[in-house]
Amino acid sequence: MKSQAIQNVLECFEIKDLFELRVINKRIGEELIPMCFKYLKYTCPEDGDEDTESANSIYKIIKNASKVDIFNISGSPSHLNRLKEIADNVGKNARFLYLNFDGKTEYPDVVEQYVEVFRKFDSIDTLRVEFYDDGNATAILAKMMEDNNFPWFEKVTTIKCYLVREIKDKTVLQTFFTKFRNLNMFKGIIDETFNPLELF
């Protein structure tokens with residue numbers, strides 16, 4: 001009860017103040033502050049660029065985010081490891097998941113592992129996906145569709161898709177959208193080159 005009361009107070013603090021408190025009080029820093037962040041925004045570093053990781057490592061401590069945005073997913077093994085950490089920490093609590101794919105190289109050996117990482121986000125009801133480039137994105141969606149019991153297909157009720165720039169096979173994405181059995185809202189852009197709902 002006392003811990004919950006402290007957490008309720010901490011949730012009113014600015015982020016910069018929370019980080020100052022982490023230094024002052026070890027217990028607050030390690031146990032309570034990670035529970036205060038309800039939104040996780042993470043940008044995967046460019047492959048081979050580890051210099052940004054220290055500044056971007058807050059994702060390692062967040063445990064209770066209900067909204068998760070992940071940018072610049074290349075589909076590489078290094079990005080897979082980071083996504084796995086995020087999924088292990090917040091997958092059960094997330095309700096909104098945004099995946100921004102931007103990969104230029106295919107990594108077929110890790111496609112199935114990506115699917116298993118995304119499976120850990122098994123409580124989301126809103127999914128947003130966008131594709132600046134493909135990389136492994138098409139292969140990941142195709143592998144995901146092999147399992148009709150993948151949790152998203154039952155639990156997601158809202159899908160958002162505003163950008164499909166360089167996905168290799170748009171039919172795969174259109175078919176992916178038909179797998180959601182309880183979908184009641186789709187938000188996206190339809191133009192003369194791509195209708196995401198064409199196969200419904």
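Every value quoted in this text rests on a predicted model; they were computed, and no experiment measured them. (Residues numbered from 1 in each chain as written. Predicted model: local features only at pLDDT ≥ 70, side-chain atom pairs only at ≥ 80, totals over all residues. Heavy atoms only, no water.)

*Asks:* Is there a simple way to think about the pairing of strand β5 (residues 158–161) in this case?
*Replies:* Walk down a regular strand and you will see the side chains alternate between the two sheet faces. Burial along β5 is two-sided: the face carrying Thr-158 and Lys-160 and the face carrying Ile-159 and Cys-161 are both buried. Across three bridges, the pairing between strand β4 (residues 126–131) and β5 is parallel. Counterpart to Leu-127 in the pairing with β5 is Ile-159. Relative to strand β6 (residues 185–188), β5 runs parallel, the two being bridged by four bridges. Each residue of the ladder has a partner; that of Cys-161, found in β6, is Gly-188. For the crossover that starts at β5, traverses helix α8 (residues 170–178) and ends in the parallel β6, the hand is right-handed. (Buried < 20%, exposed > 50% of the residue type's maximum accessible area, 1.4 Å probe, protein only. Helix = DSSP H or I, 4+ residues; strand = E, 2+ residues; numbered from the N terminus. Pairing = 2+ DSSP bridges. Right-handed = clockwise from strand over helix to strand, strands pointing away.)

*Asks:* I'm lost on the sheet that holds β4 in this one. Help?
*Replies:* Read from one edge of the open sheet, six strands run β1-β2-β3-β4-β5-β6, paired in parallel fashion. The sheet is open, and its two edges are formed by β1 (39–43) and β6, each paired on a single side. Ignoring strand direction, the axes of neighbouring strands in this sheet form an average angle of 10 degrees. As paired strands, strand β3 (residues 96–101) and β4 are joined by six bridges and run parallel to one another. The residue bridging Phe-96 from the neighbouring strand is Thr-126, located in β4. In the packing of helix α4 (residues 77–90) onto the sheet, contacts are made with β1 and β2 (67–73), and the angle to β2 comes to roughly 175 degrees. (Axes fitted to C-alpha atoms, helices over the stretch in contact; angles between N-to-C directions. Contact = heavy atoms within 4.5 Å.)

*Asks:* Even after reading the chapter, I still don't get the environment of Val-172, so can you show me in this structure?
*Replies:* By the secondary structure assignment, Val-172 is in helix α8. Given a relative accessible area of 14%, Val-172 falls into the buried group. Along the chain, Val-172 and Thr-138 lie 34 residues apart, while their C-alpha atoms are 6.7 Å from each other. When sequence neighbours within four positions are dropped, the list of residues in contact with Val-172 reads Thr-138, Leu-141, Ala-142 and Met-145.

*Asks:* What exactly am I supposed to notice about the pattern of salt bridges here?
*Replies:* Pairing between side chains of opposite charge can happen when the charged atoms of each approach one another. Scanning the entire structure with this criterion turns up 11 salt bridges. Here Asp-122 ties to Lys-92 by a salt bridge, and the two come within 2.7 Å at their closest N and O atoms. Placement of the pair is Asp-122 in the loop between α5 (111–119) and β4 and Lys-92 in the loop between α4 and β3, with a sequence separation of 30 residues. Look at Asp-122 and you get buried, because its relative accessible area is 17%. Between Asp-133 and Lys-104 there is a salt bridge whose closest N-O contact spans 3.6 Å. Here Asp-133 is found in the loop between β4 and α6 (137–145), whereas its partner Lys-104 is found in the loop between β3 and α5, with 29 residues between them in sequence. On the accessibility criterion, Asp-133 (17% relative accessible area) is buried. Put simply, Lys-84, Asp-88 and Lys-120 are held in one network by salt bridges that share partners. (Salt bridge = Lys/Arg side-chain N within 4 Å of Asp/Glu carboxyl O.)

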